[in-house]
Amino acid sequence: MDEIRIGLVGLGGRGLSWLRLLHAVPGFRVTALCDPIAALHEPALVALKERVPAYTRYEDVLADPQVEAVALCVRCKEQGALAAQALDAGKHVNSEVPAAHTLEDCWRIALAAERSGKVYSLGEQTRYWGFVEAWQQLVAEGKLGRVTFVEGQYIGYYGTRQFFQDPTSGAFASVEDLPARPGAKPTWLHTMPPIHYLPHELSPLLKVLDDRVVEVTAMSTGAPSYAHPEIGQPDIQVALMKTEKDALLRLATGFTQPVPHARGHHWYQVLGTKGCVEWKRAGRGRPLLWTVDSQMHDLAEVDWHYERTDAPHGATGSGHGDADYYVHAAFRDAVLGVRPLEFDVYRALDTAVPAILAADSIAQGTQLLKAPDFRPNAQRAVGQLPNEVA
Ligand SMILES: NC(=O)c1ccc[n+]([C@@H]2O[C@H](COP(=O)([O-])OP(=O)(O)OC[C@H]3O[C@@H](n4cnc5c(N)ncnc54)[C@H](O)[C@@H]3O)[C@@H](O)[C@H]2O)c1
């Protein structure tokens, strides 16, 4: 099989997971590493088991002729701009979520992908989960009727470690660690609106609905966090969205208040005019299904899992209910010309734009905002901004 020479950018926890996956999924050779924190280079080089250039400057990876694709595992406000910069430099991009944190960067990605002809892939993996596939089929076959109401939430809690980091050593520190770690500084997550982190809700749900968001409004609890006043993020942000097919979405995020880990951090439900499906509420719970015309008096438990029943060998154990495998296989196949991405650049931006607008709505006192469609159309030629944005 042909190998894609890929540079891994961002050597935090997720970057190291991707390093493992880029070894395990056939078709990749890691030819460069990059992180501005030089102390993180050596652990990645050790995991890689071969010497490749390790850069502190992003521009140097983009200038490296041995790099034809960039795996972007950064966590910063400029995430979208960095993806667009790589496309402009003639590199394919596989980016971690979220795609971007500003509307301007979403346009940059769309235009750079169109102008360069390179592959832009968003590594959102939950859309490959087994139950998402099953729900997509139920909706496509009309078993739930017309979908009217959808909920998704990511209320996750990983302690407070990701909110403070020593910029020299790269070591993270929790709130409790701070007195002993005076070098630890607040990370970007203090200022990142939590509602920006909706890819794991919008990606699977819009896939199930085969739809896109057209209107957004949102509210937030106050900042800083009530659970941890040392953290600048508010505890909960909730968005209401309307889709092109006239479904209403309620989406919520929060990462600062404790929740039971056994339940899992994501929860979803889809209601239609003829039935509904719901993800499990507790660790010991089960997903539920009810349809109007099947003599059911109550919701029935269904044995849906994250894991797929048709998972190929390489997917098992890859991470996040086996889903991590699929984003690398899909990216590889698109770069090698085997098959185009189903989750293309426009669908990827459909997961980022409503989240960015939700935070904008909060900043503007819960304004109702319209979500642009990034696909070229009569008002916008390929590679050009629409007139109202230009
Ligand atoms: N899909 C998933 O399930 C999943 C899970 C965890 C994290 N993520 C995403 O993965 C990304 C990384 O997460 P993480 O937990 O490893 O974060 P992290 O903060 O531990 O690591 C990010 C690294 O990026 C580096 N970085 C920041 N700006 C950079 C720049 N301009 N150029 C090069 N490197 C830069 C930082 O120095 C840091 O070492 C985030 O975007 C996060 O949202 C996704």
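Residues numbered from 1 in each chain as written. Predicted model: local features only at pLDDT ≥ 70, side-chain atom pairs only at ≥ 80, totals over all residues. Heavy atoms only, no water.

Turning next to the pairing of strand E14 (residues 275-278). Where burial is concerned, the two faces of E14 agree: the one with Gly 275 and Val 277 and the one with Cys 276 and Glu 278 are both buried. Linking strand E13 (residues 266-272) back to E14 in an antiparallel pair, the connection comprises two residues. (Buried < 20%, exposed > 50% of the residue type's maximum accessible area, 1.4 Å probe, protein only. Helix = DSSP H or I, 4+ residues; strand = E, 2+ residues; numbered from the N terminus. Pairing = 2+ DSSP bridges.)

Every one of the 24 residues lining the ligand counts as a neighbour, but Arg 14, Asp 35, Val 74, Val 97 and Gln 125 are closest to it. At 3.0 Å from an oxygen atom of the ligand is found a side-chain nitrogen or oxygen belonging to Arg 75. Between the ligand and the protein, one listed contact pairs an oxygen atom with a side-chain N or O atom of Tyr 197 at 3.1 Å. In isolation the ligand exposes 850 Å². Once the protein is present, 85% of that is buried. Of all the secondary-structure elements, those providing two or more residues to the shell around the ligand are helix H1 (13-24) and helix H4 (79-88). Top element by residues in the shell around the ligand is H1. It accounts for three residues. Its residues assigned to classes, the shell around the ligand comprises twelve nonpolar, eight polar and four charged. Domain assignment of the residues forming the shell around the ligand places at least three in each of domain 1 (4-126 + 323-340) and domain 2 (127-315). (Near = heavy atom within 4 Å. Polar contact = N/O pair within 3.5 Å; in protein donor to acceptor, adjacent residues only side chain to side chain. Areas by Shrake-Rupley, 256 points an atom, 1.4 Å probe, with all protein chains shown as cover. Nonpolar A, V, L, I, M, F, W, Y, C, P; charged D, E, K, R; others polar. Domains from an automatic or database assignment.)

Mapped onto the fold, Lys 280 is located in the loop between E14 and strand E15 (288-291). In this structure, Lys 280 is in contact with Trp 267, Gly 285, Arg 286 and Pro 287, ignoring residues within four places of it in sequence. (Contact = heavy atoms within 4.5 Å.)

Here we take up the nonpolar core. The biggest cluster of nonpolar side chains holds 90 residues, and the ones touching the most others in it are Ile 109, Tyr 120, Trp 135, Met 241, Leu 249, Val 270 and Trp 304. Top contributing element to this core by residue count: helix H9 (residues 345-363), with eleven residues. Both of domain 1 (4-126 + 323-340) and domain 2 (127-315) provide at least three residues apiece to this core. Once you skip the residues sitting within four places of it in the chain, Tyr 120 turns out to touch Ala 83, Leu 87, Val 93, Ser 95, Ala 99, Ile 109, Ala 113, Leu 341, Val 345 and Ala 348. (Core = buried A, V, L, I, M, F, W, Y, C linked by side-chain atoms within 4.5 Å.)

Taken in spatial order, the six strands make up an open sheet running E3-E2-E1-E4-E5-E6, and their pairing is parallel. Of all strands in the sheet, those bounded by a partner on one side alone are strand E3 (54-55) and strand E6 (120-122). Two strands pair when backbone bridges link them, and strand E1 (residues 4-9) and strand E4 (residues 69-72) are joined in this way by four bridges, in the parallel orientation. By the bridge assignment, Leu 8 is partnered in E4 with Ala 71. Lying on the sheet, helix H8 (residues 324-335) is in contact with E1, strand E2 (28-34), E4, strand E5 (92-95) and E6; it crosses E5 at an angle near 170°. (Axes fitted to C-alpha atoms, helices over the stretch in contact; angles between N-to-C directions.)

Our next topic: the packing of aromatic side chains. Evaluated as defined, the whole model comprises 15 aromatic pairs. A centroid spacing of 5.0 Å and a plane angle of 70° characterise the contact between Phe 131 and Trp 135, whose relative ring orientation is edge-to-face. Placement of both Phe 131 and Trp 135 in helix H6 (residues 130-140) is noted, with a separation of four residues, approximately one turn of the helix. Each member of the pair, Phe 131 together with Trp 135, is buried. An aromatic cluster of at least three residues, connected via ring pairs, comprises Trp 129, Phe 131, Trp 135, Tyr 268, Trp 279, Trp 304 and Tyr 306. When the ring centre of Trp 267 is taken as origin, the NZ or CZ atom of Arg 281, which lies over that ring, is 3.7 Å away. A cation over a ring is seen here: Arg 308 above Tyr 326, with NZ or CZ 5.7 Å from the ring centre. (Phe/Tyr/Trp six-rings, centres within 6.5 Å; stacked < 30°, edge-to-face > 60°. Lys NZ or Arg CZ within 6 Å of the ring centre and 35° of its normal.)

Within E2, six of the seven residues are buried, which leaves the element mostly enclosed by the surrounding structure. Sheet topology note: the E1/E2 ladder contains six bridges and is parallel. Bridged to Ile 4 within E2 is Phe 28. Bridge analysis of E2 against E3 gives two bridges, and the strand direction is parallel. When the sheet's bridge partners are listed, Cys 34 is paired in E3 with Tyr 55. Regarding topology, helix H2 (residues 41-48) serves as the crossover connection from E2 to the parallel E3, and that connection is right-handed. (Right-handed = clockwise from strand over helix to strand, strands pointing away.)

Taken domain by domain, the protein chain consists of domain 1 (4-126 + 323-340) and domain 2 (127-315). Each side of the interface is counted separately: domain 1 has 17 residues, and domain 2 has 25 residues. Surface buried jointly by domain 1 and domain 2 totals about 1800 Å² across both partners, of which 65% is contributed by carbon and sulfur atoms. On the domain 1 side of the contact with domain 2, Arg 75, Thr 126 and Tyr 326 bury the most area, a combined 36% of that side's loss. Here domain 1 and domain 2 share zero salt bridges between them. Residues that form the side of domain 1 that touches domain 2 fall into these classes: eleven nonpolar, three polar and three charged. (Buried area = accessible area lost by both parts, 1.4 Å probe. Salt bridge = Lys/Arg side-chain N within 4 Å of Asp/Glu carboxyl O.)

Its twelve residues give H8 an end-to-end C-alpha distance of 18 Å, which sits within 8% of 16 Å, the value for a rise of 1.5 Å per residue. For H8, the tally of buried residues reaches eleven of twelve residues, placing the bulk of the element in the interior. Burial in H8 covers these residues: Asp 324, Tyr 325, Tyr 326, Val 327, His 328, Ala 329, Phe 331, Arg 332, Asp 333, Ala 334 and Val 335. In this structure, the buried side of H8 is in contact with E1, H1, E2, E4, E5 and E6. Positive phi shows up at Gly 337, right after H8, with a value of about 75°. (Expected span 1.5 Å × (residues − 1).)

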